[in-house]
Amino acid sequence: MPLWAGLDPVARLELQAELQRVVLPGGEILFREGDPADALYMLVSGALGVSVQGDHGEQRRIARITPPETIGEMALISNTPRSATVTALRDSVLLKLTRSAFEGLAARWPSVMLYLSKLLADRLRATTRSQPVTFTPATFAIVPVTQGVAVADFAHAFLEEMRRSHGPGVAMIDAMPAHENESWLYRLEASRERVIYMASEPSGSWTERCIRHADHVMLVARPGEPLACEAEALTGAASSWRRHDLVLLQKPDAARPAPAHPSLNRLRVDQRLQVRQNNLPDLQRLIRTSSGRAVGLVLAGGGARGFAHLGAIQALHEHGFPVDLVGGTSIGAVMAATCAIQIGLDEAKALMTEAFVRNPPLNDYTLPLIALVRGRKVDARLMEHFGNCNIEDLWLPFFCVSSNLTTGTAHVHRQGTLWRALRASLAIPGLLPPVVEPDGVLVDGAMMNNMPADVMADLQRGPVLGIDVARDVAFRSPGDEEKKAPWLRRILGLPANAPDIVSLLYRSATVSSDAQTLKARAHAALVIHPPLAEVPLRGWEQFEKVVAIGYDHTRRQIEAGALNAFKVR
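The rules behind each value
Residues numbered from 1 in each chain as written. Predicted model: local features only at pLDDT ≥ 70, side-chain atom pairs only at ≥ 80, totals over all residues. Heavy atoms only, no water. Buried < 20%, exposed > 50% of the residue type's maximum accessible area, 1.4 Å probe, protein only. Helix = DSSP H or I, 4+ residues; strand = E, 2+ residues; numbered from the N terminus. Arc of directions from axis to C-beta. Contact = heavy atoms within 4.5 Å. Core = buried A, V, L, I, M, F, W, Y, C linked by side-chain atoms within 4.5 Å. Pairing = 2+ DSSP bridges. Axes fitted to C-alpha atoms, helices over the stretch in contact; angles between N-to-C directions. Phe/Tyr/Trp six-rings, centres within 6.5 Å; stacked < 30°, edge-to-face > 60°. Lys NZ or Arg CZ within 6 Å of the ring centre and 35° of its normal. UniProt positions renumbered as here; feature names shortened; annotations may be inferred. Polar contact = N/O pair within 3.5 Å; in protein donor to acceptor, adjacent residues only side chain to side chain. pLDDT = per-residue confidence, 0-100.

Engineer: Hey, could you run me through helix H6 (residues 182-191) in this one?
Structural biologist: The periodicity of an α-helix, 3.6 residues per turn, causes residues three or four places apart in sequence to face the same way. Within H6, burial applies to Glu-182, Leu-185, Tyr-186, Leu-188 and Glu-189. Projected down its long axis, H6 shows its buried positions confined to an angular sector of 160 degrees, all on one face. Contact partners of the buried residues in H6: strand S3 (39-53), strand S6 (85-98), strand S7 (139-144), strand S8 (170-173), strand S9 (194-198) and helix H7 (205-213).

Engineer: Before we go on, may I ask you to explain the nonpolar core in this structure?
Structural biologist: Nonpolar side chains in soluble globular proteins generally cluster together in the buried interior. In this structure, Leu-297, Phe-307, Val-326, Met-352, Phe-386, Phe-398 and Leu-563 are the most contacted members of the largest nonpolar core, which totals 65 residues. What Phe-307 contacts, discounting residues up to four positions off in sequence, is Met-335, Met-352, Phe-356, Trp-540, Phe-543, Val-546 and Val-547.

Engineer: Sorry if this is basic, but what is going on with the sheet that holds strand S12 (residues 271-276) here?
Structural biologist: Working definition: the strands of a sheet are paired by backbone hydrogen bonds and lie parallel or antiparallel to each other. Spatial strand order, S8-S9-S7-S10-S11-S12: six strands in an open sheet with parallel pairing. Each edge of the sheet is formed by a strand with only one pairing partner; in this case those strands are S8 and S12. Direction aside, the axes of adjacent strands within the sheet are offset by 25 degrees on average. Across six bridges, the pairing between strand S11 (residues 243-250) and S12 is parallel. Its bridge partner lying in S12, Leu-246 is registered against Arg-272.

Engineer: I tried to follow the packing of aromatic side chains on my own but got confused; where do I start?
Structural biologist: Each pair of aromatic rings is reported with the distance of its centres and the angle of its planes. Taken as a whole and judged by the stated rule, the model has eight aromatic pairs. Put simply, the rings of Phe-307, Phe-356, Trp-540 and Phe-543 touch in pairs and so form one group of aromatic residues. A cation over an aromatic ring shows up here: Arg-276 above the ring of Trp-395, its NZ or CZ 3.8 Å from the ring centre. Positioned above the aromatic ring of Phe-399, the side-chain terminus of Arg-414 is 5.9 Å from the ring centre.

Engineer: What should I look at first to understand the UniProt feature "short sequence motif: GXGXXG" (unreviewed entry) in the chain in this one?
Structural biologist: The UniProt record annotates "short sequence motif: GXGXXG" (unreviewed entry) at residues 301-306. This span, residues 301-306, is 0% helix and 0% strand, and a straight line between its end C-alpha atoms measures 6 Å.

Engineer: Honestly, the environment of Arg-192 in this entry has me stumped. Any pointers?
Structural biologist: Considering the arrangement of structural elements, one finds Arg-192 in the loop between H6 and S9. Beyond its immediate sequence surroundings of up to four residues, Arg-192 is in contact with Gly-169 and Ala-171. In terms of polar contacts, Arg-192 uses its side chain to reach the side chain of Ser-191, at 3.2 Å.

Engineer: I tried to follow the side chain of Asn-450 on my own but got confused; where do I start?
Structural biologist: Relative to the helices and strands, Asn-450 resides in the loop between strand S18 (440-444) and helix H14 (453-457). In this structure Asn-450 comes out as buried when scored by relative accessible area, which is 6%.

Engineer: Would you mind showing me how to read the confidence of the model for the chain here?
Structural biologist: Note that predicted coordinates carrying low pLDDT should not be read in detail. When pLDDT is averaged across the chain, the result is 85; 86% of the residues are at 70 or more. Predicted confidence in the chain is weakest over helix H15 (residues 486-492), with a mean pLDDT of 58, and strongest over strand S13 (residues 296-299), with 97.

Shown next as C-alpha cells:
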C-alpha cells in the first residue's frame with residue numbers, strides 16, 4: 001500500500017495494528033456527502049465510485065477509485081464533512097484507519113502526511129481540469145430474466161466473439177469453484193483484461209454475486225415472455241455506476257423486433273438492445289455497445305439539406321463503418337429513424353422521395369390560428385411509414401430531440417410511439433402545429449439543440465460521429481418559392497428577393513444558439529459538414545443532388561482517413 005511505502009518496519013507494524021478490515025458489498029455506500037469524517041480508507045480489492053450531488057439533485061460521477069488508492073483523507077485532514085458520496089462499484093475490501101489512530105500516526109511519522117499531501121494535490125489538479133469519468137467496463141454479468149432463455153448458448157457466443165474482437169484476455173465463469181472465496185475472483189479479474197460472469201437463474205446467491213462484481217449487466221429476455229417471478233428483485237437494481245441493458249433475443253429471421261412483455265418495463269435499464277439469435281452482426285453490435293466501442297451517429301436538422309444524411313449513411317455502409325446507435329433532430333430525426341429500423345438504403349431513398357418530393361406534406365394550408373398548415377398530411381405520412389412502432393422496439397437504440405416551450409428546455413424522446421416523437425421534433429413553430437403532451441408543448445428540436453452530439457456522448461457507448469447540414473449560410477440565392485408571384489410582392493411593397501414566410505420559419509427553427517451548437521459539437525469525435533450552401537432549405541426537388549453531395553463528401557472524408565477512429569477493431 002502506498003501509504004506505508006516510505007515507513008520503516010517499526011512504523012509499518014504500528015500502522016498495521018491500527019487498521020480495521022472492512023468488507024463492502026457491491027452497491028453499498030461507504031459514506032455519503034455531508035457525513036462527518038471519522039476515518040480514511042485504503043482500497044485493497046474491488047472498485048469505488050466517487051460522486052457529488054448536481055444542481056438538479058442528480059448524482060454526478062467525478063472519480064473512480066481502484067486499488068491501492070486511499071479515500072476519505074481530505075475531510076479527515078481538514079476536519080470537515082465528507083465532500084462526496086463513495087459507493088462500492090462491486091464487492092470491495094478496505095482497510096480503515098480511524099481519526100484518532102491517524103492523528104497519532106501522523107504525529108510520529110511525517111512521511112504519512114507527505115504522501116497524503118501529494119495525493120490531495122493530484123486530486124485537486126484533476127478536479128480543476130474537470131475531466132469527465134468515462135465508463136470503461138471490464139466485468140460483465142449475463143443474467144436471464146424470462147423463462148426459456150438459452151443463456152449458456154448466448155454467453156458462449158458472446159465470449160467467443162469478444163475474444164475475437166478484444167483478444168484472448170477474456171475469461172468467463174459460471175460458478176464459484178469449490179473451496180474458493182472472493183479473493184479467488186479478485187485474482188481472476190486481476191489476471192484478465194475482461195471477465196464475463198454468467199448466471200443460469202435470475203436469482204440466487206451466485207446471480208447476486210455476478211451482478212455485484214459487474215460493471216455492465218446484461219438482462220437477457222425473450223420477446224413476449226413475462227418477467228420471471230424470481231427476477232422481481234432486479235426491478236429495483238439501479239446504480240449510477242453500474243450499467244444495465246435489457247437484451248431481447250429475437251428470432252433469427254425476424255424482420256422487425258417483437259416487443260417485450262409489458263412487465264419488463266419495470267426493469268430499470270439504460271438501453272434496450274435487440275439481437276437476432278445466431279446473427280453475427282447483431283452480436284458484434286451488442287459487444288461494441290457493451291464495451292464502449294460503439295459508433296453513435298447524430299444527424300442535424302436542416303430542411304431539404306437533410307437528404308445529405310442518406311448519402312452519408314450510404315458511404316459509411318459501403319466502406320464498412322458500423323452505425324450502432326442513432327439520434328437526431330428535425331429532418332435528421334426522420335433520417336435517423338430510417339436507419340434505426342434498418343430498412344435498405346434504396347428503400348429509404350424511395351420512401352423519402354415519395355414523402356417529400358412527389359407529394360410534399362407541408363401544403364395543407366389553413367387559417368393561421370396556431371400554424372400555417374394543418375399538419376394532417378405530415379401526421380398521415382409519418383403513421384404510414386413508421387406505423388405504431390415504439391422507439392424501444394427498433395433494431396438500433398434511437399433518440400430524437402424536440403423543444404419544450406413550456407419548460408424552455410430540450411426534450412429527449414427515448415421511448416414511446418416513434419411517429420409522434422418524430423412529429424414533435426419536426427414541428428417548426430408557426431408552420432406546423434405543436435405536439436401537446438403532459439410534459440409540455442413540444443416543437444422542433446432544432447430551436448434548442450440541432451446537433452445533439454452531447455446527448456449521444458452522455459451514453460458513454462463509444463465515439464460520436466455527427467453530420468451537420470445546417471451550418472452553411474442560407475438565402476444566398478432565391479429558391480423556387482421566392483420566385484413566385486413577383487407582381488404580388490410589388491403590390492404589397494415587399495422586397496423581390498426576400499425569403500417567404502415559410503422559408504423564414506424553416507431557417508429560424510434550424511438555427512439554434514451558437515453557444516449551444518458549439519457545446520454539442522464539442523462532444524463529437526468528428527463532425528462531417530457537407531457543402532450545402534447552394535441548396536435552399538425547401539429545395540425538395542433537389543433530392544438526388546443533395547444525396548450525392550452527402551455521399552461524395554463523406555466518401556472523401558473516409559478516403560482521407562478522417563474517420564479512422566470509427567473503424568471496427
